[in-house]
Amino acid sequence: MSKKPLGKDKFGVQKVMRKGDYFGDAVGQFVLNALSTLVAQVTYFYTDKVGLAAGAVATILLIVKVLDAFTDLIMGNIVDHTPAGKEKYRPWLVRAGIPAGFIMVLVFTVPKAAPGVQIAYALITNILLSAVIYTAFAIPYTSLMTVRTNSQEERGNMGIFRAAAGYISGFILAVGIIPLTNALGGDQAAWAKFGAILGVFAIIFSIIAYKTSRETAVEVGAEPAETVQAEDEEQVPFGEAIRKLFGNKYWVIVLLVNFFSCVIYSVSASAGTYYCKWIFGDDNLVGLLGAVGLVPTLLGFVAVGPLTKKLGVTKTLMVSFAMGILSNTLMIFFHNYFVAYCILGCITTFATIPMMCLVGVMTAMSIDYNEYKYGVRMVATSNSATSFGSKISSGIGASMIGWMLAAARYDASLTEATQAVKMAIFGFSFVIPLIMFVVMFILTSRFDLEKTLPALKEEIAARKNNDQ
């Protein structure tokens, strides 16, 4: 039975994606978010389950993220210089996805040894987790959005599906890991068991993503066809590619907005556990907060599509960032009230969802502008350099918690937090996110590419026709 032909989007670009394609592509995000959220959770694991000093943990995470960021650039260069005629992106989903399942267990099997040995083990396993495995999966996977389709509508849908799948993994970890590991015994072995379960899912989903992915796209003005193999482009030397990227103001805006949003994601992933334990007196409340937070998350995923269709990408993000500014400002006045923390936290959660869904769309638009300005898209290098900023910012976010706690003389063995520790928790829970939301609002207001891109794409197509 033949499949129903796919039409074109509102800009006249041929569609190539079906529902099954969106699902298969989205499960790859589960692998990525499982890896990245584990990094955010290990601060609590190392300080409260293994017994490492908060300052040492913070330093480990920053070292890992700095190395991680540079491996992104290396990986982008490797992918963009794949020999012509071979698939650049899809094979890496299994090359990195299968090892990811094993590293999720190893990160929690810190040996019972001297602190120096434990610190070394934590450093090595986190380098493997983040700088090697995550990078080898992330750069090709994020690049697939650009080469899979030229339709902004389909890219937006891919972003929503990816964000939804990613949130499920983040929800399981951020909300379920404390109650589940406590139910399994609450010790280090319980965390390792949780990692093993998560690793099995990571392997399965990486295989599904590989099987359903394609490196195809349809150019503007091309004959209607379901798939056309994406063409190879001129290989640009790495140094020249980086210089060109920083000459693209839209790519720079995406880089910075993504940088600050990743600080928020990283801080928020761990902040709730410390907040519940030391401000409200029970870390199991994280489960309740997560359950309540599921409501604005689902609403956010449902709302992004209609909001983007009505307001566009830029205005949708500006509205969401304004909501983040409001909720975190109010937290300054209501930080000791659990109900207020729940409600305002829900608003903040809603405010972060559009960026999860649309950062890939903004990156893809900036890559299209590369083609307009320079004649080459530099897909993997563009994504790797953006990811470079993400890694540094998430490392700063995760390390920031450890450093602030260390500066406040945090002691996990105490029964009640000191005033200094409480101020540190307030700082990384809502003061830092407030600042980040303000900066992102200002930067996004300068991103005006969305309106002009269709005309630019037509000019690109005309240039190619003239060159033939």
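Think of each chain on its own: its residues are numbered from 1, step by step along the sequence as written. In view of the model being predicted, local features appear only for residues whose pLDDT reaches at least 70, and side-chain atom pairs are presented and counted only at 80 or more, with totals across whole chains, interfaces and linings using the full set of residues. Based on all heavy atoms of the structure, the side-chain values leave hydrogens and waters out of the count.

Bringing the packing of aromatic side chains into the picture now. Stacked, edge-to-face and tilted are the three classes for Phe, Tyr and Trp ring pairs, Trp counted by its six-membered ring, which pair at centre distances within 6.5 Å; planes under 30 degrees apart are stacked, over 60 edge-to-face, the rest tilted. If you walk through the whole model with that rule in mind, you get 26 aromatic pairs. Taking the centre distance of 5.4 Å and the plane angle of 55° together, the rings of F45 and Y46 count as tilted. For the pair formed by F45 and Y46, the shared burial category is buried. Considering the side-chain rings of F280 and Y341, the 5.6 Å spacing of their centres and the 70° angle between planes classify their relative orientation as edge-to-face. The rule is simple: take the accessible area with a 1.4 Å probe, protein chains only, and divide by the maximum for that residue type; under 20% is buried, over 50% is exposed, in between is partly exposed.

Time to look at the pattern of salt bridges. The working definition used for a salt bridge is a side-chain nitrogen of Lys or Arg within 4 Å of a carboxyl oxygen of Asp or Glu. Counted according to the given criterion, the structure contains six salt bridges. Between D21 and R148 there is a salt bridge; the shortest N-O distance is 3.5 Å. Highlighted residues: D21 in helix α1 (residues 19-50) and R148 in helix α4 (residues 115-148), separated in sequence by 127 residues. The class of D21 is buried, set by a relative accessible area of 18%. Numbering of helices and strands runs from the N terminus; a helix is a DSSP stretch of H or I covering at least four residues, while a strand is a stretch of E covering at least two.

Let us now look at helix α9 (residues 285-331). If you check α9, its first and last C-alpha atoms are just 18 Å apart, much less than what 47 residues at 1.5 Å a residue would give, namely 69 Å. The quantity called bend is, for any residue, the angle between two axes fitted respectively to the seven residues ending at it and the seven beginning at it. Of all the bends in α9, the greatest measures close to 110° and is centred on G312. The span one expects for a helix is its residue count, reduced by one, times 1.5 Å.

Here the focus is the packing of α9 against helix α12 (residues 419-444). Relative orientation of the contacting elements α9 and α12 amounts to 155°, with a least axis distance of 8 Å. One finds that α9 runs roughly antiparallel with respect to α12. Every pair of crossing elements has a handedness; the one defined by α9 and α12 is left-handed. Where α9 abuts α12, its residues T314, L317, M318, F321, A322, G324, I325, N328, T329 and M331 lie against S429, F430, P433, L434, F437, V438, M440, F441 and T444. Of the residues assigned to the contact of α9 with α12, the class counts are 13 nonpolar, six polar and no charged. To get an axis, a line is fitted to the C-alpha atoms, and for a helix only the part in contact is used. The angle between two axes follows their N-to-C directions and goes from 0 to 180 degrees. An angle below 35 degrees is read as roughly parallel, one above 145 as roughly antiparallel, one from 65 to 115 as roughly perpendicular, and any other as oblique. By convention, the crossing between two helices is left-handed when the near helix turns anticlockwise from the far helix through less than a right angle, and right-handed when the turn is clockwise. Whether two residues are in contact is decided by their heavy atoms: any pair within 4.5 Å suffices. Basically, the charged four are Asp, Glu, Lys and Arg, the nonpolar ten are Ala, Val, Leu, Ile, Met, Phe, Trp, Tyr, Cys and Pro, and anything else, Gly included, counts as polar.

Once that is clear, we can look at unusual backbone geometry. Even without being glycine, R409 reaches a positive phi, approximately 60°. If you trace the backbone, R409 turns up in the loop between α11 (379-407) and α12.

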